[in-house]
Amino acid sequence: METITREHRIRVALFGGCRLPRLGAKISEHSQEDLIWAERLLTKNEKKSLKVPLWTISGSGYGYGDGYGYGSGDGYGDGSGDGSGYGYGDGYG
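Residues numbered from 1 in each chain as written. Predicted model: local features only at pLDDT ≥ 70, side-chain atom pairs only at ≥ 80, totals over all residues. Heavy atoms only, no water.

1. Some words on the overall build of the chain
Looking only at helices and strands, the chain features three helices and zero strands. Buried residues in the chain amount to 19% of all 93 residues. Taking as baseline every contact in the chain between residues at least 6 positions apart, the subset at least 24 positions apart corresponds to 45%. Element-wise, carbon and sulfur atoms account for 52% of the exposed surface of the chain, whose accessible area totals about 8,200 Å². (Helix = DSSP H or I, 4+ residues; strand = E, 2+ residues; numbered from the N terminus. Buried < 20%, exposed > 50% of the residue type's maximum accessible area, 1.4 Å probe, protein only. Contact = heavy atoms within 4.5 Å. Areas by Shrake-Rupley, 256 points an atom, 1.4 Å probe, with all protein chains shown as cover.)

Set out below in structure tokens:
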């Protein structure tokens, strides 16, 4: 069941679908919303032949995602030093 058949179109019409799918169209061309509705039209044998729910075959649909991130950091540095030196100079003037 990879493409829309005449039988599928008849079932959509009988069950009051808002629009008829194009004959021969790939099932994956239809939205998840359409396929969720259409899954109710399948026979028991058709449902058994599917390895996954019909709506998962869809290549389009709406999605939602949300994410949050938080980061914080502190830095601290301390230093001390001791130094000594000498110098030598000669000059003319």
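On we go.
2. Here's the deal with the environment of Ser-28
Relative to the helices and strands, Ser-28 is located in the loop between α1 (6-14) and α2 (32-38). Note on Ser-28: relative accessible area 30%, which makes it partly exposed. Sequence separation of Ser-28 and Gly-59 is 31 residues, and the distance between their C-alpha atoms is 4.9 Å.

3. Quick look at the pattern of salt bridges
Considering all chains together, one arrives at four salt bridges under this definition. Of the charged contacts, one joins Glu-29 and Arg-22 as a salt bridge, the two residues approaching to 3.1 Å between their closest N and O atoms. Ionic contacts of the salt-bridge type, sharing partners, join the residues Glu-7, Arg-11 and Glu-46 into one network. (Salt bridge = Lys/Arg side-chain N within 4 Å of Asp/Glu carboxyl O.)

4. Overview of the side chain of Glu-46
Checked against the element boundaries, Glu-46 lands in helix α3 (residues 44-49). The exposure class of Glu-46 is buried, given its relative accessible area of 18%. In terms of polar contacts, Glu-46 uses its side chain to reach the backbone amide nitrogen of Thr-43, at 2.9 Å. (Polar contact = N/O pair within 3.5 Å; in protein donor to acceptor, adjacent residues only side chain to side chain.)

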